[in-house]
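Report on the structure
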Amino acid sequence: MGKLAVYKYCSFLFLIATFIVAGFTFFGLFGGHVPPAGNTAKAMLVYILPLLIAADAVLLLYWLLRRRWHWAAIPFVTILCCIPYIGTIYQFGSIDEAADKKTGLKIATYNVARFNRETSGFIAQDILAQMRKQKVDIFCIQEYVNQSGDKTHSNNYKEYFPYMVMGKSDMVIYSRYPITASKTIEFERTNNSAMWADIEVKGQLLRVVNVHLETTGFNSTMHSAAKQMNRGINIENNRLLKAIYGNYTMGMMVRSGQAITLRNELRLNDDPDRALIICGDFNDVPYSFVYNTMLGDLVDGFKECGSGWMYTYRGSKSVRIDYIFHDKSLKGLTYYRQDLSYSDHYPVFMKLEY
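Everything quoted here is computed from the prediction, not taken from an experiment.

Remarks on the sheet that holds strand 12 (residues 322-326)
Strand order in the open sheet made by the six strands is 6-7-8-9-12-10, with mixed pairing throughout. Both edges of this open sheet fall to strand 6 (179-186) and strand 10 (299-300), since each of them pairs with a single strand only. When strand 7 (residues 193-201) meets strand 8 (residues 204-212), the two strands line up antiparallel, connected through nine bridges. Paired with S193 across the two strands is H212, which belongs to strand 8.

In structure tokens:
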């Protein structure tokens, strides 16, 4: 009787866990539809959706092994509802090399992390060589820095990209097609910004938006903590966790405001005869409020024609934070990243068909 009681107690705990995990998963799926301000806990669940889905899978396996089909239905339905989210980080299939050879427009976005502050120009030139190799037509750069880029090497870049427009000091758009207009969009109380350039491609006008939104603050918090520890200052774990959580939530709210500002700017200048492309470093994960706001009624290029796992940050957090979205009037052919090691980000490429 004792073993039976323990057995039933464990089953009861698994049942409670099934309902709790399913509930948190659904909150995470819809957490990106509300602004983080006032909903920080709900918004934070978006960041752990992969862990929640993995927990749902474990619970599904448990109930299947127990042959409790009615309880297995709960994690099964939950996972089915997560398929659209899973599609933002993983797509079946492989890159269509034939499609990549079709006539079209190739765009790339890359946070170059100030070219690692390297002043000889080697990294800047090697990145340019990669853009040539990939036959990139429009190249959007974030964290661009003058000493490795504009002042020393802009002429070399202009040999391949004859047209260029600068935003703030860390933003630039290079193009092989004429740039007819441009604008810098600055955000309040931050060094981050966005910019757009109107580019005429074979008679069609495109508005290409280059974006660099507020960072998460995680790395700066850990770096500051490490410096204090090196000085012999003891930091309590709960104090460090509070600092990390505080920076994450503050970063979410700042990014959400920046995304709304940018989207309002684009909406005021909307033109049905001009196709829109938004790309850059959003510093946020798929299904977040920032992702949904920036996406709007555009198409996520990776979901359309990507393949495999998509993560664009090279650090300890293998997450997707760099994106290319495009107007529905355009058709995606290929979408992929390249494993370059010059930055803490990977460059992202997309080919579009007219």
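Topic: the pattern of salt bridges
Evaluation of the coordinates by the stated rule reveals seven salt bridges. Between D300 and R320 there is a salt bridge, with its nearest N and O atoms 2.7 Å apart. On the criterion of sequence distance, the pair formed by D300 in strand 10 and R320 in the loop between strand 11 (308-309) and strand 12 is long-range, its members being 20 residues apart. With respect to burial, D300 and R320 carry one shared label: buried. Shared partners join several salt bridges into a network, and the residues in it are D198, R207 and R274.

Quick word on helix 7 (residues 122-133)
Over its twelve residues, helix 7 extends 16 Å from the first C-alpha to the last, a length consistent with the 16 Å expected when each residue adds 1.5 Å. Those residues of helix 7 that sit buried are I123, A124, I127, L128, Q130 and M131. For helix 7, the angular spread of the buried residues around the axis is 160°, confining them to a single face. In helix 7, the exposed positions angled more than 90 degrees off the buried face are occupied by F122 and K133. A positive phi of about 55° marks K135, the residue just after helix 7.

Comments concerning the state of the cysteines
In a disulfide, the sulfur atoms of two cysteines are covalently bonded to one another. In the structure shown here, the tally under the stated rule is zero disulfides. Cysteine C81 shares no disulfide, and the gap to the nearest cysteine sulfur, in C82, comes to 6.9 Å. In this model C140 remains outside any disulfide bridge; the closest cysteine sulfur is found in C279, 3.4 Å from its own.

Quick word on a nonpolar patch on the surface
Taken together, Y9, F12, L13, I16, I20 and F24 make up a surface patch of nonpolar side chains, about 590 Å² in accessible area. Residue position: L13 is located in helix 1 (residues 2-30).

Side note on the sheet that holds strand 3 (residues 138-142)
Spatially, the six strands line up as an open sheet ordered 4-5-3-2-14-13, and their pairing is mixed. Looking at strand neighbours, the two that pair on one side only are strand 4 (163-166) and strand 13 (331-337), the edges of this open sheet. Recorded for the sheet is a direction-independent mean angle of 15° between the axes of neighbouring strands. Looking at chain direction, strand 2 (residues 105-111) and strand 3 are connected through five bridges and run parallel. In the strand pairing of strand 3, I107 is matched with I138.

Overview of the packing of helix 3 (residues 49-66) against helix 4 (residues 69-81)
Where helix 3 contacts helix 4, the axes come no closer than 8 Å and their chain directions differ by 155°. The orientation of helix 3 relative to helix 4 falls into the category roughly antiparallel. You can see that helix 3 and helix 4 cross each other, and the crossing is left-handed. Along the contact surface, helix 3 presents D56, A57, L59, L60, W63 and L64, while helix 4 presents W69, W71, A72, P75, F76, T78 and I79. Residues belonging to the contact of helix 3 with helix 4 are distributed by class as follows: eleven nonpolar, one polar and one charged.

Quick look at the confidence of the model for the protein chain
Per-residue pLDDT for the protein chain averages 86, and the proportion of residues at 70 or more is 87%. A low-confidence stretch, residues 220-229 stays under pLDDT 50, and its non-local contacts, those more than four residues away or across chains, total twelve contacts.

Some words on the pairing of strand 2
Along strand 2, seven of the seven residues are buried, which leaves the element largely enclosed by surrounding structure. Of the two faces of strand 2, both are covered, the one formed by L105, I107, T109 and N111 as well as the one formed by K106, A108 and Y110.

Let's talk about the packing of aromatic side chains
Evaluated as defined, the whole model comprises 20 aromatic pairs. With centroids separated by 5.0 Å and ring planes inclined at 90°, the aromatic side chains of Y90 and F92 adopt a geometry described as edge-to-face. The lysine or arginine in question, R337, covers the ring of Y311, its NZ or CZ lying 4.0 Å from the ring centre. One residue, R337, lies across the ring of Y346, its end atom 5.0 Å from the ring centre.

Describing the environment of L29
Relative to the helices and strands, L29 resides in helix 1. Given the relative accessible area of 5%, L29 is considered buried. Residue contacts for L29: discarding those within four places in its chain leaves L49, C81, C82, Y85 and Y287.

The rules behind each value
- Residues numbered from 1 in each chain as written.
- Predicted model: local features only at pLDDT ≥ 70, side-chain atom pairs only at ≥ 80, totals over all residues.
- Heavy atoms only, no water.
- Pairing = 2+ DSSP bridges.
- Helix = DSSP H or I, 4+ residues; strand = E, 2+ residues; numbered from the N terminus.
- Salt bridge = Lys/Arg side-chain N within 4 Å of Asp/Glu carboxyl O.
- Buried < 20%, exposed > 50% of the residue type's maximum accessible area, 1.4 Å probe, protein only.
- Expected span 1.5 Å × (residues − 1).
- Arc of directions from axis to C-beta.
- Disulfide = S-S within 2.5 Å.
- Patch = residues over 30% accessible without salt bridge, like charges linked within 9 Å, V, L, I, M, F, W, Y side chains within 5 Å.
- Areas by Shrake-Rupley, 256 points an atom, 1.4 Å probe, with all protein chains shown as cover.
- Axes fitted to C-alpha atoms, helices over the stretch in contact; angles between N-to-C directions.
- Parallel < 35°, antiparallel > 145°, perpendicular 65-115°, else oblique.
- Left-handed = near helix turned anticlockwise from the far one by under 90°.
- Contact = heavy atoms within 4.5 Å.
- Nonpolar A, V, L, I, M, F, W, Y, C, P; charged D, E, K, R; others polar.
- pLDDT = per-residue confidence, 0-100.
- Phe/Tyr/Trp six-rings, centres within 6.5 Å; stacked < 30°, edge-to-face > 60°.
- Lys NZ or Arg CZ within 6 Å of the ring centre and 35° of its normal.

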